[in-house]
Amino acid sequence: MKRILSVLFIFSVFVTGAYRSAYADEGPFIYFYNPETNINNFASLKRGFDVYLVDHGGYLFQPFDIKETFESAIQGKKGDVYLLSNWHLKALQQKNIPLKIALVGTSKGNTMQRKVLSAKKDITDVSMLKNTVVAGAGSEEYIQSVLKQILGKDQEALLKDIKILIVPKDIDAIMAVGFGMATAAISAESSLEKLAMINPNQHRELHSLGVSEKDYFLIAATLKKPDQKEEQLLEVLRKMPDADAGEENLRMLGIDGWRALQ
Amino acid sequence: MKIRNFCKVLILLTVFWISAGFAQPSKILIVNSDNSVYRYQTIATEFKKIIQQNAYQVAELNLNSHADAETELKQLIQQENPGLIYTIGTKAYLLARDYTHNRKLLFSAAINWRRLDIAEGTYGVANELASAQEISLLRYFLPSIKTIGLLYSDKFSREYVESIKKDALSVGINVVTKAINEDKEIGDALNGLLPKIELFWIISDPVVLSNKESVKTIFQSAQQQKKPVYAYSDVYIEQGAVLAVSADSDTIGRQSASFVLMMDKDKVSEGTVQSPAGSTITLNKCVLDALRLNFNKDALDSINKVVGCEK
């Protein structure tokens, strides 16, 4: 038994080591992490992007579901592109990581969106959210920060008495209010528009308790100013909406194109 | 004078101890039907994460690890004296409900909870999404579908089908239904139903899904008549369903934990059973493309898994 275990151990070390070294030689990469969504669709994202990118310059896509792992990838070499939220980018810049915005994601011609705190109409103001559940998609840290911004200084103390329920996507969060699993929801403005389309009765029952400041949908960033190789990769990204497969991949990220910041 | 001071101190100490006792969250006993089942394990992990962050103590009993789980449960309840019992899966609920002794009981992942005998002091997070959620999500992903059809047994699913019809009507979808009494009727029922509808919906009905042959008949008939199939579970994706919508396990665990926190603040009405707040979506793009269905591209960011034609 011991012998079998030893052989298995040596074999696993060899396989993982070989995989890692092969992996290290590949790329350049597009790294992705977004705390504003909680959908576990990484396998489909990776497959979709890799198929597209391999045919457009041999690039690879690597999504992350753990913030720290994504952040440790950023500390690496030049040549890669990072897709992340602007909220996260600002936090990293404060830690002196020299990320620079290269492209911003677009959706229906817009580059920015607001987050809305919505509840049923019997919840007339935010003070009524004490000891209630607020649903939202994304990391808890992100939802807390949006909620803090919407509540403002006057109502900030409420935060400790609000329980955040993390759900996979915006539409789940809003529907959780309609079906009584949460008292309020944090979602993008566009998600409320989607609810109005699919369930107008439920949408009519909701109203806004507050909105956040506008922020970018998604950012494509590089370490410092993009070099020639990074420019090439950014160009591939920028042209993705021109092909059906490319556009489909972008839509899986919640955007339909890219725009350079003026 | 000294005795008076001593009494004051004693009263103050008593008040402190009592209030400290009330502030302390009670202990929770998690009874898991089978922690080797990934779904149950996920629910337990997410539940514990939040509950322990909020300073609750947790004891656990995994029914699959004990030959005499009933005796083990009785002993554990006596030993740990939990304020609440949280069950995961039907087996755990059916066992635990007889030993609550006025304790609160919260169930989750119990299949079709409406068929269970629910005692007083029992709360729950359902295993299945509410029909209104399923219809809203169907409308979100496939907005052009206006007439859907389903088979059901009157004995097991009448109320559920009634709620489906009502919810569908409120969002402008017409539901054509056909009741069957036994699986032998499926072929004829489908022949009558499929020409009248744009999409067939598989609901979790024990008569309709009584055996593999019934499921095969449904998919073969739907394929012959080029009708897409919408399912309540992603196990049907491989057989040819175009879209599957089910409850998200991680969210059930987190939701159950939030439920407990709200229960302890008296913010939950007795006997409340919530629908799951999170959904998992699987899209079969191979079938979608083959049937040339009109899919809402804006909803692609809400899909958990896209399955292509490659096997």
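Residues numbered from 1 in each chain as written. Chains lettered and ligands numbered in written order. Predicted model: local features only at pLDDT ≥ 70, side-chain atom pairs only at ≥ 80, totals over all residues. Heavy atoms only, no water.

For chain B, the name recorded in an unreviewed UniProt entry is ABC transporter substrate-binding protein, with Candidatus Methylobacter oryzae as its organism.

As recorded by an unreviewed UniProt entry, chain A carries the name Phosphate/phosphite/phosphonate ABC transporter substrate-binding protein and is attributed to Candidatus Methylobacter oryzae.

Colleague: Quick rundown of the pairing of strand β6 (residues 147-152) of chain B? Include the residues and the values.
Modeller: All names here are of chain B. For β6, a buried count of 6 out of 6 residues is recorded, marking the element as mostly surrounded by other parts of the structure. Neither face of β6 is open: one carries T147, G149 and L151, the other I148, L150 and Y152, and all of them are buried. Relative to strand β7 (residues 174-179), β6 runs parallel, the two being bridged by 6 bridges. Following the sheet pairing, T147 is matched in β7 by N174. You can see the chain leave β6, run along helix α6 (residues 154-170) and come back into β7, and the turn it takes is right-handed. Pairing of β6 with strand β8 (residues 199-202), which is carried by 2 bridges, proceeds in the parallel orientation. Paired with G149 across the bridge in β8 is F200. (Buried < 20%, exposed > 50% of the residue type's maximum accessible area, 1.4 Å probe, protein only. Helix = DSSP H or I, 4+ residues; strand = E, 2+ residues; numbered from the N terminus. Pairing = 2+ DSSP bridges. Right-handed = clockwise from strand over helix to strand, strands pointing away.)

Colleague: Which residues make up α6 of chain B, and what values do they have?
Modeller: Residue and element names in this part refer to chain B. In this model, α6 (17 residues) spans 23 Å end to end at C-alpha, consistent with the 24 Å of a helix rising 1.5 Å per residue. Within α6, the axis deviates most sharply at Y160, by approximately 30 degrees. Among the residues making up α6, those that are buried are S157, V161, I164, D167 and A168. The inward-facing, buried residues of α6 abut α5 (131-141), β6, β7 and β8. Looking one or two residues beyond α6, the residue adopting positive phi is G172, at roughly 80 degrees. (Expected span 1.5 Å × (residues − 1). Bend = angle between axes of the 7 residues up to and from the residue. Contact = heavy atoms within 4.5 Å.)

Colleague: Report on the packing of aromatic side chains, specifying residues and quantitative values.
Modeller: Within a pair of aromatic rings, the relevant descriptors are the distance that separates the centres and the angle that separates the planes. The full count for this structure, using the stated rule, is 18 aromatic pairs over all chains. Chaining the aromatic ring pairs together yields one cluster made of F29, Y31, Y33, F64, F70 and Y82 of chain A. (Phe/Tyr/Trp six-rings, centres within 6.5 Å; stacked < 30°, edge-to-face > 60°.)

Colleague: Can you tell me about the environment of L283 of chain B, naming the residues and giving the values?
Modeller: All names here are of chain B. Counting through the fold element by element, L283 comes out in strand β12 (residues 279-284). Accessibility expressed as a relative area gives 2% for L283, which makes it buried. In sequence terms L283 and S221 are 62 residues apart; their C-alpha atoms lie 20 Å from each other. In contact with L283, other than residues within four places in its own chain, are V242, L243, L288, F295, I303, K305, V306 and V307.

Colleague: Got a sec to walk through the state of the cysteines? Specific residues and values, please.
Modeller: All names here are of chain B. In the structure shown here, the tally under the stated rule is 1 disulfide over all chains. A sulfur-sulfur separation of 2.0 Å characterises the disulfide bridge that pairs C286 with C309. Taking the sign of the torsion about the S-S bond as the criterion, the disulfide between C286 and C309, at about 105 degrees, is right-handed. A residue pair is termed long-range when its members are at least 10 positions apart, and C286 in helix α10 (residues 285-291) and C309 in the segment after β13 (305-307) qualify at 23 residues. (Disulfide = S-S within 2.5 Å.)

Colleague: Go over the packing of helix α6 (residues 170-178) of chain A against helix α7 (residues 189-198) of chain A with me, naming the residues and quoting the values.
Modeller: Two quantities define a packed helix pair, namely the angle between the helix axes and the distance between the axes. Residue and element names in this part refer to chain A. At their nearest, the axes of α6 and α7 sit 9 Å apart, and the two run at 65 degrees to each other. Regarding α6 and α7, the two cross each other, and that crossing is right-handed. Residues D170, I171, I174 and M175 of α6 form the contact with α7, whose participating residues are S191, L192, K194, L195 and I198. Broken down by class, the residue content of the contact of α6 with α7 amounts to 6 nonpolar, 1 polar and 2 charged. (Axes fitted to C-alpha atoms, helices over the stretch in contact; angles between N-to-C directions. Left-handed = near helix turned anticlockwise from the far one by under 90°. Nonpolar A, V, L, I, M, F, W, Y, C, P; charged D, E, K, R; others polar.)

Colleague: Give a description of the environment of F64 of chain A that names residues and reports values.
Modeller: Residue and element names in this part refer to chain A. Checked against the element boundaries, F64 lands in the loop between β2 (60-63) and α3 (67-74). We classify F64 as buried; its relative accessible area is 13%. With 31 residues separating them in the primary sequence, F64 and Y33 have C-alpha atoms 5.2 Å apart. Beyond its immediate sequence surroundings of up to four residues, F64 is in contact with Y31, F32, Y33, F42, T69, F70 and A73.

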